[in-house]
Amino acid sequence: MYQKYKNVETVKPGGLELKDRLVGVQRVTKVTKGGRAFGFSAIVVVGDENGVVGHGLGKSKEVATAIAKAIEDAKKNLIRIPLNKGTLPHEQKGKFGGARVYIQPASHGTGVIAGGAVRAVLEAVGVQDVLSKSQGSSNPHNVVKATFDALLQLRGAQTVANQRGISLEKVFKG
């Protein structure tokens with residue numbers, strides 16, 4: 001699922017205290033010759049609020065089973081995000097479909113300044129201080145995936161040092 005990104009660390013759900021956040025439930029209608037058939041699709045974000053997060057989509061005829069399927073799907077797609085003292089290491093833009101998301105680190109005490117779907121993802125990751133802006137499409141599916149796009153492009157200081165082949169002090173001092 002995350003092949004186009006470098007250094008993505010996938011995580012197994014075993015031994016993690018995962019909390020799930022429901023982003024949205026949509027009622028889907030399929031018109032057949034016998035009338036309308038209703039179903040539900042749910043998008044869920046799960047995370048341990050310590051850098052591990054995943055998202056999933058579940059579809060079913062009942063809301064409860066759709067949510068349960070979405071949680072199971074999210075647990076299969078867990079990844080680790082680099083955090084820096086409760087915020088992000090650097091600013092980043094992400095996009096998916098028509099949705100664009102901009103996330104920026106903030107000073108301690110700022111809180112999570114983010115809209116619905118972006119807020120759910122950032123809180124599941126465990127970010128306490130962040131500024132964000134969601135532009136373009138407000139479709140929760142695309143906004144969640146755009147937020148993941150931005151988070152997957154984040155690089156910690158140690159990763160930058162390893163990629164450049166220099167020491168950690170040289171990354172900060174130049």
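Residues numbered from 1 in each chain as written. Predicted model: local features only at pLDDT ≥ 70, side-chain atom pairs only at ≥ 80, totals over all residues. Heavy atoms only, no water.

Regarding the UniProt feature "domain: S5 DRBM" (unreviewed entry) in the protein
Put simply, the rule reads: UniProt positions are given in the numbering used here, feature names are shortened, and annotations may be inferred rather than shown by experiment. Numbered from the N terminus, helices here are DSSP runs of H or I no shorter than four residues, and strands are runs of E no shorter than two.
In this numbering, the UniProt entry assigns the feature "domain: S5 DRBM" (unreviewed entry) to residues 18-81. With 22% helix and 59% strand, the stretch residues 18-81 has end C-alpha atoms that lie 15 Å from each other.

Focus on the environment of Phe 40
Quick reminder of the rule: Residue exposure (1.4 Å probe, protein chains only): buried if accessible area is under 20% of the type maximum, exposed if over 50%, otherwise partly exposed. Whether two residues touch is decided by their heavy atoms; if any such pair falls within 4.5 Å, the residues are in contact.
Tracing the backbone shows Phe 40 in strand S3 (residues 35-47). Overall, the relative accessible area of 22% leaves Phe 40 in the partly exposed class. Not counting residues within four places of it along the chain, the set of residues in contact with Phe 40 comprises Val 25, Gln 26, Arg 27, Gly 58, Lys 59, Ser 60, Lys 61, Glu 62, Val 63 and Ala 66.

Let's talk about the pairing of strand S2 (residues 19-32)
The criterion, for reference: A pair of strands is considered paired only if DSSP assigns at least 2 bridges between the two.
Across 13 bridges, S2 lies against S3 in antiparallel orientation. Bridging across to S3, Lys 30 finds its partner in Ala 37. From the end of S2 to the start of S3, which pair antiparallel, there are two residues.

Brief notes about the pattern of salt bridges
For side chains of opposite charge, pairing can occur when their charged atoms come near one another. Heads up, the rule is: What counts as a salt bridge is simple: a side-chain nitrogen of Lys or Arg found within 4 Å of a carboxyl oxygen of Asp or Glu.
Counting across every chain of the model gives three salt bridges. Between Arg 21 and Glu 123 there is a salt bridge, with the nearest N and O atoms lying 2.9 Å from each other. Here Arg 21, found in strand S2, pairs with Glu 123, found in helix H2 (residues 116-125); they are 102 residues apart in sequence, far enough to count as distant. One connected set of salt bridges, linked through shared partners, spans Arg 21, Arg 119 and Glu 123.

Some remarks on the domain arrangement of the protein
How we decide: Domain limits in this description derive from either an automatic procedure or a database domain assignment. What counts as buried area is the accessible surface, traced by a 1.4 Å probe, that two parts surrender upon association, with contributions from both included. What qualifies as a polar contact is a pair of N or O atoms within 3.5 Å, subject to a donor-acceptor requirement within protein and to the restriction that residues adjacent in sequence count only when both atoms come from side chains.
Partitioning the protein into structural domains gives domain 1 (9-79) and domain 2 (83-164). Across the contact, 18 residues belong to domain 1 and 14 residues belong to domain 2. Of the roughly 1300 Å² buried between domain 1 and domain 2 on both sides combined, carbon and sulfur atoms contribute 76%. On inspection of domain 1 and its partner domain 2, the count reaches one salt bridge. Our count for the contact surface shared by domain 1 and domain 2 stands at five residue pairs in polar contact (both at pLDDT 80 or more).

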